[in-house]
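Observations on the three-dimensional arrangement
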Amino acid sequence: MRGIKKLTHGAAAVGLALLGTVAAAPTASASEGNYIQFSNNSGFLVDTCYTWEGPDGIESKNYCHTSKPVGQTWKAYYPAEATGASVTVTFAMGMGGDKKYEHNLESTSSHCFQTTGLWPNGGEVLSTTC
């Protein structure tokens, strides 16, 4: 009987220790499934490049979507450890294009944008509801 009591108390102590470890574990920076979405409603091909903000090494996850045509929609999902992002949007208008920047996008929610504009006036980036 004494052996069973010790075993029960030991199991309870291990369970409490594990529970404390789980409770103290840091939460992920980005909510699972959050993204940045673009819909191209402009008269140009569009490039979007993502610079993720967060711990050292996250820059290895930076990337671009290139030459997205009119009428297309695409998403970039936040890496789990990301705390935010900066996005560079480039409209293919020749000679380097016209650049628009969206900065300080928090990773705690999704962000949606659409591009508009026609030549010769250039492109615009508008925030929309996701």
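Everything below is about the structure printed above this text.
First things first, this report covers the structure right here in the doc. Values in this document were obtained by computation on a predicted structure and should not be read as measured data.

Overview of the sheet that holds strand β1 (residues 35-40)
Pairing within the open sheet is mixed, and its 4 strands lie in the order β4-β1-β7-β8. The strands lining the two open edges of the sheet, one partner per strand, are β4 (73-77) and β8 (124-128). Here the strands of the sheet are splayed against their neighbours by 25° on average, with no regard to which way each runs. In this structure, strand β7 (residues 111-116) lies alongside β8, joined through 5 bridges in antiparallel fashion. The partner of cysteine 112 across the bridge, within β8, is threonine 128.

Observations regarding the environment of glycine 117
As for its position among the elements, glycine 117 is in the loop between β7 and β8. Glycine 117 sits in the partly exposed class, given a relative accessible area of 22%. Along the primary structure glycine 117 and phenylalanine 44 are separated by 73 residues, whereas in three dimensions their C-alpha atoms are 8.0 Å apart. Beyond its immediate stretch of four places on either side in the chain, glycine 117 contacts Ser42, Gly43, Phe44, Gly122 and Gly123.

Describing the nonpolar core
One recurring pattern in soluble globular proteins: nonpolar side chains tend to sit buried together. Core analysis: the largest hydrophobic core is formed by 18 residues, its most contacted members being Ile36, Phe38, Tyr50, Trp52, Tyr78, Val87 and Val89. If you list the elements that add at least two residues to this core, you get β1, β2 (46-53), β4 and β5 (84-91). Other than its neighbours up to four places away in sequence, valine 87 contacts Ile36, Phe38, Thr48, Cys49, Tyr50, Lys100, Tyr101, Glu102 and Leu105.

Conventions adopted
For every chain, the first residue of its written sequence is number 1, and the numbers climb from 1 along that sequence. Whole-chain, interface and lining totals are the exception, using all residues; otherwise, since this is a predicted model, local features are given only for residues with pLDDT of at least 70 and side-chain atom pairs are given and counted only at 80 or more. Computation of side-chain values: all heavy atoms of the structure, hydrogens and water removed. By this definition, two strands are paired if DSSP reports at least two bridges between them. A helix here means a DSSP run of H or I that spans at least four residues, while a strand means a run of E at least two residues long, and both kinds are numbered starting from the N terminus. Axis lines are fitted to C-alpha atoms, over the contacting stretch for helices. Their N-to-C directions set the angle, which ranges from 0 to 180 degrees. The cut-offs for exposure are 20% and 50% of the maximum accessible area for each residue type, with area from a 1.4 Å probe on protein chains only; residues under the lower value are buried, those over the upper are exposed, and the others partly exposed. By the convention used here, residues are in contact when the closest approach between their heavy atoms is within 4.5 Å. For our purposes a nonpolar core is just a set of buried Ala, Val, Leu, Ile, Met, Phe, Trp, Tyr and Cys residues, chained together by side-chain atoms within 4.5 Å.

Just geometry here; none of it tells us what the structure is for.
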